[in-house]
Amino acid sequence: MAEISAGAPQRARLRSDFALHLRAQRGVSEHTVRAYLGDLDHLLDHAARHGATHLSDIDIALLRGWLAAMANADRSRATLARRAAAARTFFAWATHTSRVATDPTLRLGTARAAGTLPTVLALEPVTRLLDAARDRAADGEAVHVRDWACVELLYATGVRVGELCGADVDDLDLAELTLRVIGKGDKERVVPFGRPAARAVQAWLTTGRPQLARDGSPAALFLGRRGGRVDQRQVRTVVHQLAALVGVDDVAPHALRHTAATHLLEGGSDLRTVQEILGHASLSTTQRYTHVSADRLRSAFQLAHPRA
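Let me sum up the structure you'll find in this document. Position labels on residues start from 1 in each chain and follow its written sequence. With pLDDT at 70 or above as the cut-off, local features in this predicted model cover only qualifying residues; side-chain atom pairs require 80 or more to be listed or tallied, and sums for whole chains, interfaces and linings still use all residues. Side-chain metrics in this entry use all non-hydrogen atoms of the structure; hydrogen atoms and water are not considered.

A few words on the side chain of glutamate 163. Among the secondary structure elements, glutamate 163 is positioned in helix H7 (residues 161-166). For this analysis, a polar contact is any N or O atom pair within 3.5 Å, provided that within protein one partner can donate a hydrogen and the other can accept it, and provided that sequence-adjacent residues contribute only side-chain to side-chain pairs. There is a polar contact of 2.8 Å between the side chain of glutamate 163 and the side chain of arginine 189. The helix count covers DSSP runs of H or I at least four residues long, the strand count covers runs of E at least two residues long, and both are numbered beginning at the N terminus.

In structure tokens, the structure reads:
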């Protein structure tokens, strides 16, 4: 019977086994693994403070109290929804592996995350951001050339930052202008990109990457300063820095993915094609970008039409 107090050996083993399940059987990203483990710790700490000593002591009343406490602390609906999802995933696994007899989350309800539209840049600001990356790379510094290639590919392909950082040199085909990435659920897809991104990547491979490569460096497409695979946090920092440099509202790499999808649809691409490029399992996920496009059309109409 697993003891849930902080520091208990059983709790550490529980976290380790759950993380292995998430990686090996559910194929989720490391970001999701970290988030779910943090959510699990939050739940177990709450349970221990309210008298639970073992996993089997957690019932529906305690779970509802956990969510209510977060709601009273003004946690966002998105946070509550994700933590409830983490609890459901954990207890489904714990029940299946006989760590608990019954799943207490089966009757757990929670508010859905607010259906906010993604952050999307117009063509002019995203062009300024990409131009700034290119201009900064003109000094020939390896990291600046890498940053230029990274942001060009993020916008050109719409890939997730984790997919970009996980790509190897052999995943790139400059002749066909395609990049192979491994997405959620370990699903592989090949995404196209254009000549501006190709020029940036070619510059990185010929003048930037050789400066950072070391004996024993991985086959990673993008390297960090010490010759290892570039970290997602480094790429996120770069995008934030470039946005500040050109006076664009602070954006994350995922905003470039949203922007790429929206611009594809506005340019006439069909929804199924955008779904394949982004690697969405469900078409309904891709459809939210049509809402962004519709909002833009509505704004343009209201500004331009004399009888709007």
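Buried Ala, Val, Leu, Ile, Met, Phe, Trp, Tyr and Cys residues that are joined via side-chain atoms within 4.5 Å together make up what is termed a nonpolar core. Burial status follows relative accessibility: with a 1.4 Å probe on protein chains alone, a residue under 20% of its type maximum counts as buried, one over 50% as exposed, and anything between as partly exposed. One finds Leu129, Val151, Leu153, Leu164, Leu179, Phe193 and Phe222 to be the most contacted residues of the largest nonpolar core, which totals 52 residues. Put simply, the parts of the chain that give this core at least two residues each are helix H5 (123-137), helix H6 (142-157), H7, strand E2 (178-182), helix H8 (195-212), helix H9 (232-245) and helix H10 (253-266). For this core, the element with the highest residue contribution is H6, accounting for 10 residues. When checking whether two residues touch, look at their non-hydrogen atoms; a contact exists if any pair is within 4.5 Å. Sequence-distant contacts of leucine 179, defined by excluding residues within four places in its chain, comprise Leu164, Ala167, Asp171, Leu172, Arg189, Val190, Val191, Phe193 and Leu221. Grouped together as the second largest cluster of nonpolar side chains are 32 residues, Ala2, Leu14, Leu40 and Ile60 included.

Two rings from Phe, Tyr or Trp (for Trp, the six-membered ring) form a pair when their centres sit within 6.5 Å of each other. Planes less than 30 degrees apart are called stacked, planes more than 60 degrees apart edge-to-face, and all others tilted. Applying the stated criterion to the full structure yields five aromatic pairs. Ring centres of phenylalanine 18 and phenylalanine 90 lie 5.2 Å apart, and the angle between their planes is 85°; on these two criteria the pair is classed as edge-to-face. Separated by 72 residues along the polypeptide, phenylalanine 18 in helix H1 (residues 9-24) and phenylalanine 90 in helix H4 (residues 77-96) bring together distant segments of the chain. Each member of the pair phenylalanine 18 and phenylalanine 90 is classed as buried. Seen from their ring centres, phenylalanine 90 and phenylalanine 91 are 5.1 Å apart, and the 80° between their planes marks the pair as edge-to-face. Like phenylalanine 91, phenylalanine 90 is buried. Linked through ring pairs, Phe18, Phe90, Phe91 and Trp93 together constitute an aromatic cluster.

Only strands joined by at least two bridges in the DSSP assignment are considered to pair. Read from one edge to the other, the open sheet built from three strands follows the order E1-E2-E3, with strand pairing classed as antiparallel. Of all the strands in the sheet, just strand E1 (172-173) and strand E3 (188-192) have a single pairing partner and so form its edges. Looking at chain direction, E2 and E3 are connected through five bridges and run antiparallel. Paired with leucine 179 across the bridge in E3 is valine 191.

In this section: helix H3 (residues 60-72). A helix is expected to reach a length of 1.5 Å times the quantity of its residues less one. Taking 1.5 Å as the rise per residue, H3 with 13 residues should run 18 Å; its terminal C-alpha atoms sit 18 Å apart, in good agreement. In the segment just after H3, aspartate 74 is the residue with positive phi, at about 65°.

A pair of cysteine sulfur atoms is labelled a disulfide when the two atoms are within 2.5 Å. Per the stated rule, a full pass over the model turns up zero disulfides. Of all cysteine sulfurs, the one in cysteine 165 lies closest to cysteine 150, which takes part in no disulfide; the gap is 6.5 Å. When its relative accessible area of 3% is taken as the criterion, cysteine 150 is described as buried.

Attention now moves to unusual backbone geometry. The backbone phi angle of serine 98 is positive, close to 65°, even though this residue is not glycine. According to the relative accessible area criterion, serine 98 is exposed, its value standing at 64%. In the Ramachandran plot, leucine 177 falls in the positive-phi region, its phi being about 55° despite a non-glycine side chain. Inspection of the secondary structure puts leucine 177 in the loop between E1 and E2.

Close approach of charged atoms allows side chains with opposite charge to pair. The salt bridge definition used is simple: a Lys or Arg side-chain nitrogen within 4 Å of an Asp or Glu carboxyl oxygen. According to the stated counting rule, one finds 20 salt bridges in the structure shown. Across the pair arginine 134 and aspartate 135 runs a salt bridge whose closest N-O atoms are separated by 3.3 Å. Judged by its relative accessible area of 39%, arginine 134 falls in the partly exposed class. Since its relative accessible area comes to 49%, aspartate 135 is described here as partly exposed. Glutamate 141 serves as the salt-bridge partner of arginine 225, at 3.9 Å between the closest nitrogen and oxygen. With a gap of 84 residues between them, arginine 225 in the loop between H8 and H9 and glutamate 141 in the loop between H5 and H6 connect regions that are remote in the sequence.

Next up on the list: empty space enclosed by the protein. Method remark: on a 1 Å grid restricted to protein atoms, a set of points is classed as a cavity if a 1.4 Å probe fits but cannot get out and as a pocket if it is open with protein on both sides within 12 Å along at least five of seven lines; lining residues have an atom within 4 Å of a point. Grid points are joined across faces, edges and corners, and a volume is the space filled by probe spheres set on the points. Within the structure shown, the criterion is met by one cavity of 30 Å³ or more. Lining the largest cavity, in full, are Phe18, Tyr36, Asp39, Leu40, Leu43, Trp66, Arg83, Ala86, Ala87 and Phe90. Elements supplying a minimum of two residues to the lining of the largest cavity: helix H2 (30-49) and H4. Charged residues are taken to be Asp, Glu, Lys and Arg, nonpolar residues to be Ala, Val, Leu, Ile, Met, Phe, Trp, Tyr, Cys and Pro, and polar residues to be all remaining types, Gly included. Residues that form the lining of the largest cavity fall into these classes: eight nonpolar, no polar and two charged.

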